[in-house]
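# Structural overview for review
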Amino acid sequence: MWGVWMSNKKSRNLLLLNYFKPSIYLESYEKINLDSLKNSGIKLIMCDMDNTLIGWNERIPSPNVLNFIKNIYSHNMEFVLFSNNIRSRVENFAKKAGITNYFWDCKKPLLGKMKLVKKLFKYKEEEMIIIGDQLVTDVLVANRAHIKSILVSPLSRNKEESKMVQFLEKHILKKLSQKNILHEGFYNEGEIGGNYEIL
Ligand SMILES: [Mg+2]
């Protein structure tokens, strides 16, 4: 009886951990293979801003970011900047990077703005992917919305991030590692038949 309860608890924990499992784990957005995403049927790329495309203490998008955005558009894919940050910072970055679709104050992992994006762009869930550096916001919102995700390593450590988020992020990374689901810094860049190996 006790054993059954324990194993139920264990499988429930594992189930919860799956909510923090990204589809793909890469070192940075620069490693993303857009051809491969396109071949997997992705039409809409949603992307976090801070520490994914730009360090939290920087203001100007790098030439590499500009290239990345251009490359997405030339692949005929839709791009949506999807940030928890405030309007002025998101808007400033988007305009400098030539991004036309951007959302601020998204409150990830809450689903409100995600539902709005789904409604506005009318893509199927399997045609969407979200890129981000945080498990507790970007990956969690993706899994809650049943869309794929790419986790990247943060560009810089965000000192402004709340202690609570930092603590959770570390804790979950440790748990994922213990369960052999994901190990920090061990990226899965491998391609199988032109497609990413989805975790
Ligand atoms: Mg971020």
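To be clear, the structure that these remarks concern was listed above.
First, a word on scope: everything that follows refers to the structure included in this document. On a predicted model such as this, the values are computed, not experimentally measured, just so you know.

Judged by nonpolar contacts, the single largest core of 44 residues is most densely connected at Ile45, Met46, Cys47, Ile129, Ile130 and Ile131. Top element by residues in this core is helix 6 (residues 135-144). It accounts for six residues. If near-sequence neighbours (up to four positions away) are discounted, Ile130 is found in contact with Met46, Phe82, Asp138, Val141, Ala142, Ile147 and Ser149.

Turning our eyes to something else, we now look at the pairing of strand 2 (residues 44-47). With burial as the criterion, each face of strand 2 is covered, one bearing Leu44 and Met46 and the other bearing Ile45 and Cys47. Pairing of strand 2 with strand 3 (residues 78-82) involves four bridges; the strand directions are parallel. Residue pairing for strand 3: Leu44 is matched across the bridge by Glu78. In this fold, strand 2 hands off to helix 3 (residues 63-74), which returns the chain to strand 3; that crossover is right-handed. Relative to strand 5 (residues 128-132), strand 2 runs parallel, the two being bridged by four bridges.

Here is what the cut-offs are and how they apply
- Residues numbered from 1 in each chain as written.
- Predicted model: local features only at pLDDT ≥ 70, side-chain atom pairs only at ≥ 80, totals over all residues.
- Core = buried A, V, L, I, M, F, W, Y, C linked by C-beta atoms within 7 Å.
- Buried ≥ 20, exposed ≤ 12 C-beta atoms within 10 Å, placed from the backbone.
- Helix = DSSP H or I, 4+ residues; strand = E, 2+ residues; numbered from the N terminus.
- Contact = placed C-beta atoms within 7 Å.
- Pairing = 2+ DSSP bridges.
- Right-handed = clockwise from strand over helix to strand, strands pointing away.

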